[in-house]
Amino acid sequence: MAILEVKNLGINFGGLRAVDNFEISIKEDELVGLIGPNGAGKTTIFNLLTGVYFPTDGTIELSNTDIRGRKPHQIVHLGSSRTFQNIRLFKNMTVMENIKVAYHNRMSYGIFGSVFKTKRYRAEESVANEVAISLMDVFELTSFKDEQAKNLPYGKQRKLEIARALATDPKILLLDEPAAGMNPQETEELMNTIKLLRQRFGISILLIEHDMKLVMGICERIVVLDYGRIIATGTPAEIRSNPEVIKAYLGE
Amino acid sequence: MTAFNQTLIKLLTNKKVVHYTFITLIFIVLFTMIKSGTIDRYISNLLIMVLIMIIMSTSLNIATGFMGQLVLGHAGFMAIGAYTAALIAILLQPYIESTLLLFIVSALAAMIMAGFAGVLVGAPALRLRGDYLGIMTLGFGEIIRVVITNLSDITNGAQGLYGVPRIMTFPIAFWTTVIVVALIFLFMNSRHGRAILSIRDDEIASESVGINITKYKMIGFIVASMFAGIGGAMFAFKEGFLAPSSFGFMKSVEIFVIVVLGGMGSLSGSIIAAIVLVFLPEVLRSVNDYRYLIYSSLLVIIMLYRPQGLMGTKELDLTQTKSKAIQFWKNLKLLPGKIKLLPSKIKALFLKWVASIRKLLKLNQKGSDC
């Protein structure tokens, strides 16, 4: 069963057709890479999938529900979560709080519950704490628990952003250039983390990345985009030898 | 004996116990001083004013400090609360004997009316950001004042509303303030509070983790205006007389200054700043004309050296006071040494300045040569 089913997706910015006839189907547990030269429309597609932009045409189905026209927070509710190309953390909040904010939708106590510290409040808060602690464990952030997010080193900030995205309990995770600005060693570490989180959480991932070693190393399927159109799809090996991809993106 | 010591240590490190005891102690001390006449009427009135400003600034702190939305019309909500409470109290006075009950009923009504005004203003205003929101809320504050002035049938217009029962006693004011601040504190430490905090840091990220930012902006704004309504009710019952001019733009600024000075996002900061800024002009009364000169230069100095406000975003934690006090004492001991160094530092700075000017002049000469 497909988690994410996109058909005939397109968007116009004035006279510019930024994305045209984009199609993708991501199954459970699948890791798909989205690559292409700068300005090909990769991030635009992410913004379409997360409800930041409204598509001009086409359909987007997230676990069989049409999500066109829904607000970003509603789409998160339906099981999709994302990270950003330029890290967007809650800089003045601690690492722990950053993760707990994302756990928001999985709690249900109301304003009066928080004021009177009801049983439900205490139970849900303690579950939230446990989830946050276990996520910090997975991403090796435990020692930074009470540190403000802005004080973390770059690689840890990337990790925290992924941890935060996972706290919303997504079925599919959209990672926008997670390795941007990382050195080879950090990229290696990130690759291991992504592998680990697939094992542990069993979620589908759609990944935008320019680091070919990472993309070719972990993706099962790759979609190549150029000028808003898909020019190739296939396994890493197929993509590497596709003449059109070489011409448009990889270089000879 | 050791068992006793252990329980004592346990109690002294328990945040709840320490803080509630501290508050009760303050209350007992102040209350006995007022009852015995050590504190005269003038000062006890000032104390109530401090408490009102604490409510006003902590409530504004929700919208401006925690949520990061510039709100410059907080006195408008205070005015709505004050007039609602006053009118209802005048109406109900013959029927309700107990002043406490009268206060509770009218304060609740004030809260509801101010909250309702919060909905009306918030819905359109919160679509705007930053300065634009500031201007709009400022405009709203003025509208409220003008409307109250012109509704002379109900509010007696610019002449002011007389005959409001002066039922504001120190204990009522004190415990109302404690309850309001505690409510705000508990609210900010819940998932709702965290959602509001995340809006301040990054709206887009906040939406991308599933927070309905429109809803939470409204909630934050409404909660802030509701508590401002209570502050207004207390003000009405303290003064016994209401005029629209008491809720002008300067009142909003006064509240805003307290929030900024205390630290945007720190409730204890707002409390400390409210105490300081209400008492300061009174303490400075002796120097007469220079009063506001000192007051405003103090603000400038604090903003220069502590732009994040007195407390930043941190909260005062009494269980940590001992180690903090020791730290402070150590720093204090170092102070004379630092002061000795000061002249040489100033000299170095001055020399640096002169050198940079010389460099600039030389560059200019070269420029004219060409």
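From a predicted model like this one, the values you see are computed outputs, not experimental measurements.

Rules used in this analysis
Residues numbered from 1 in each chain as written. Chains lettered and ligands numbered in written order. Predicted model: local features only at pLDDT ≥ 70, side-chain atom pairs only at ≥ 80, totals over all residues. Helix = DSSP H or I, 4+ residues; strand = E, 2+ residues; numbered from the N terminus. Buried ≥ 20, exposed ≤ 12 C-beta atoms within 10 Å, placed from the backbone. Contact = placed C-beta atoms within 7 Å. Domains from an automatic or database assignment. Nonpolar A, V, L, I, M, F, W, Y, C, P; charged D, E, K, R; others polar. Axes fitted to C-alpha atoms, helices over the stretch in contact; angles between N-to-C directions. Parallel < 35°, antiparallel > 145°, perpendicular 65-115°, else oblique. Core = buried A, V, L, I, M, F, W, Y, C linked by C-beta atoms within 7 Å. Pairing = 2+ DSSP bridges. Expected span 1.5 Å × (residues − 1). pLDDT = per-residue confidence, 0-100.

Caption draft 1: The overall build of chain B, seen in detail. When helices and strands are counted, chain B shows 15 helices and zero strands. Over its C-alpha atoms, taken along the principal directions, chain B stretches across nearly 85 × 70 × 55 Å. A buried classification covers 39% of the 370 residues belonging to chain B. For chain B, the proportion of contacts with a sequence separation of at least 24, taken over those separated by at least 6, is 81%.

Caption draft 2: How the structure looks around the domain arrangement of chain A. Residues and elements named next belong to chain A. Domains assigned within chain A are domain 1 (1-26 + 50-78), domain 2 (89-178) and domain 3 (215-252). Placing the centre of domain 1 and that of domain 3 at their C-alpha centroids yields a distance of 22 Å. Contact residues are listed per partner, giving eight residues for domain 1 and four residues for domain 3. For the side of domain 1 that touches domain 3, the class distribution of residues is four nonpolar, one polar and three charged.

Caption draft 3: Main features of the packing of helix 9 (residues 191-201) of chain B against helix 11 (residues 213-239) of chain B. Residue and element names in this part refer to chain B. Packing of helix 9 against helix 11 brings their axes to within 10 Å, and their N-to-C directions diverge by 105°. Regarding the angle of helix 9 to helix 11, the classification is roughly perpendicular. In this structure, helix 9 contributes His192, Ala195, Ile196 and Ile199 to the contact, and helix 11 contributes Ile213, Tyr216, Lys217, Ile219 and Gly220. Looking at the contact of helix 9 with helix 11 residue by residue, the classes come out as six nonpolar, two polar and one charged.

Caption draft 4: View of the interface of chain A and chain B. Chain A puts 26 residues into the contact, and the matching count from chain B is 21 residues. Looking at the side of chain A that touches chain B, the elements with two or more residues in it are helix 2 (72-77), helix 3 (95-102) and helix 4 (111-116) of chain A. Considered class by class, the residues forming the side of chain A that touches chain B number eleven nonpolar, eight polar and seven charged.

Caption draft 5: Spatial organisation of the nonpolar core. Residues Ile99(A), Ala163(A), Ala82(B), Ala85(B) and Ala86(B) are the most contacted members of the largest nonpolar core, which totals 162 residues. Beyond its immediate chain neighbours, meaning those up to four positions away, Ala163(A) contacts Ile99(A), Leu135(A), Met136(A), Phe139(A) and Leu141(A).

Caption draft 6: Representation of the environment of Ala158(B) within the structure. Residue and element names in this part refer to chain B. By the secondary structure assignment, Ala158 is in the loop between helix 7 (152-155) and helix 8 (170-188). For Ala158, a count of 12 C-beta atoms within 10 Å corresponds to the exposed category. For Ala158 and Arg145, which are 13 residues apart along the polypeptide, the C-alpha to C-alpha distance reads 9.8 Å. Those residues in contact with Ala158 that lie beyond four places of it in its chain are Thr149 and Pro244.

Caption draft 7: How the structure looks around the sheet that holds strand 9 (residues 221-226) of chain A. All names here are of chain A. Taken in spatial order, the six strands line up as 6-7-8-3-9-10 in an open sheet, and their pairing is mixed. Each of the sheet's edge strands pairs with one partner strand only, and the pair in question is strand 6 (80-82) and strand 10 (229-234). Ignoring which end each strand starts from, the neighbouring axes of this sheet average 20° apart. Here four bridges tie strand 3 (residues 31-35) to strand 9, and the two strands are oriented parallel to one another. Its bridge partner being in strand 9, Leu34 is matched across the sheet by Val223. In this fold helix 1 (residues 42-49) packs onto strand 3, strand 6, strand 7 (172-176), strand 8 (204-208) and strand 9, with an angle of close to 145° to the strand it touches most, strand 7.

Caption draft 8: Broad picture of helix 14 (residues 291-305) of chain B. Its 15 residues give helix 14 of chain B an end-to-end C-alpha distance of 21 Å, which sits within 8% of 21 Å, the value for a rise of 1.5 Å per residue. The buried fraction of helix 14 of chain B is low, at zero of 15 residues.

Caption draft 9: Structural context of the sheet that holds strand 5 (residues 65-66) of chain A. Residue and element names in this part refer to chain A. Spatial ordering of the open sheet is given by 2-1-4-5, a layout of four strands whose pairing is antiparallel. Two strands lie at the open edges of the sheet, namely strand 2 (16-27) and strand 5, each paired on one side alone. Seen against the sheet, helix 1 touches strand 1 (2-13), strand 2 and strand 4 (57-62) and runs at an angle of roughly 65° to strand 2.

Caption draft 10: Spotlight on the confidence of the model for chain B. All names here are of chain B. For chain B, the mean per-residue pLDDT works out to 88, and 98% of the residues sit at or above 70. Averaged over each element, pLDDT in chain B is lowest for helix 15 (residues 321-369) (76) and highest for helix 11 (95). Here the predicted complex carries an ipTM of 0.89, next to a pTM of 0.86.

Caption draft 11: Geometry of the pairing of strand 10 of chain A. All names here are of chain A. Across five bridges, the pairing between strand 9 and strand 10 is antiparallel. Looking at strand 10, one finds that Ile222 is bridged to Gly234. From the end of strand 9 to the start of strand 10, which pair antiparallel, there are two residues, and Tyr227 there has a positive phi angle of about 50°.

Caption draft 12: Inspection of the environment of Val276(B) at higher detail. Assignment of secondary structure puts Val276(B) in helix 13 (residues 267-283). Taking the C-alpha atoms as reference points, Val276(B) and Val50(B), separated by 226 residues in sequence, lie 8.8 Å from one another.

Caption draft 13: Molecular detail of unusual backbone geometry. Residue and element names in this part refer to chain A. Unlike most non-glycine residues, Asp169 shows phi in positive territory, near 60°. The topology assignment puts Asp169 in the loop between helix 6 (154-167) and strand 7. By the C-beta count within 10 Å, which is 17 here, Asp169 ends up partly exposed.

Caption draft 14: Highlighting the pairing of strand 4 of chain A. Residue and element names in this part refer to chain A. Two strands pair when backbone bridges link them, and strand 1 and strand 4 are joined in this way by five bridges, in the antiparallel orientation. From the neighbouring strand, Gly10 faces strand 4, where its bridge partner is Asp57. Bridge count between strand 4 and strand 5: two bridges; the pairing is antiparallel. Paired with Leu62 across the strands is Thr65, a residue of strand 5. Connecting strand 4 to the next strand, strand 5, in antiparallel fashion are two residues, including Ser63 with a positive phi near 35°.

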